[in-house]
Amino acid sequence: LVALQKDLSHEVDRKTKENEQLFIQVMHSLADAIDAKDKYTKGHSGRVADYTKEIARRYGYSEKEQDDIYMIGLLHDVGKPVTVKRDERGVDHFAGHPAVGARMAGEILRRLKTDNETTRCVCDLIRYHDERPAVNDRCVRRTASRMGEELVPMYIELRRADIMGQSPGRRQERRRFSTPSSK
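Residues numbered from 1 in each chain as written. Predicted model: local features only at pLDDT ≥ 70, side-chain atom pairs only at ≥ 80, totals over all residues. Heavy atoms only, no water.

Of the residues in the protein, 89% have a pLDDT of 70 or more, and the chain-wide mean is 83. Per-element confidence in the protein ranges from a low mean pLDDT of 54 for helix 9 (residues 168-177) to a high of 91 for helix 5 (residues 97-111). Throughout residues 176-183 the model reports pLDDT below 50, and contacts reaching past four residues in sequence, or to other chains, amount to 12 contacts. (pLDDT = per-residue confidence, 0-100. Helix = DSSP H or I, 4+ residues; strand = E, 2+ residues; numbered from the N terminus. Contact = heavy atoms within 4.5 Å.)

Take a look at the structure:
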């Protein structure tokens, strides 16, 4: 009976790991589909996911936190295809994609039976990932309060990884034209 229990436990562990790998593969496929739009975004979400996980590892985040932030990196732009609008110059804009993406990610993660805490963390960080508060105490405190102070370190790493994950030409362009909002 003890041997049977050990075998069963081993099989459950093996199947759990298989399911986790399948889950990550599905998320990668979704991210690749989102990023395939043009040469600038191809592979962006995968790079963001890799960068965030590596940064989290270097800062001593737990395995669970590293996995969560990896998932955030993969899904952070999931709302872009739904919100894309092209202006008269042919430039695409994605106003509102973080909020739409947070809702979509929540639906995806709930269907995949992801635990509530992970779903909340992933959705909150996707919702706030494009926030650029003015660099003064009041604006930073307000943003931290709105997203929850416990998420601020992951938010900072996600922002850094989002910029690092851009193609080099797009990164330079964004630095030139990006200015902090004064929300």
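Throughout the structure, instances matching the rule amount to 0 disulfides. No disulfide involves C121; its sulfur sits 9.3 Å from the nearest other cysteine sulfur, which is in C123. Taking relative accessible area as the criterion, C121 reaches 7% and is therefore assigned buried. (Disulfide = S-S within 2.5 Å. Buried < 20%, exposed > 50% of the residue type's maximum accessible area, 1.4 Å probe, protein only.)

For helix 6 (residues 116-128), spanning 13 residues, the distance from its first C-alpha to its last is 18 Å, which sits close to the expected 18 Å at 1.5 Å a residue. What helix 6 keeps buried is the set T118, T119, C121, V122, C123, D124, L125, I126 and Y128. On its buried side, helix 6 packs onto helix 3 (63-75), helix 5, helix 7 (137-147) and helix 8 (152-164). In this structure D115 caps helix 6, since a side-chain oxygen of it lies 3.3 Å from the backbone nitrogen of E117. (Expected span 1.5 Å × (residues − 1). Polar contact = N/O pair within 3.5 Å; in protein donor to acceptor, adjacent residues only side chain to side chain.)

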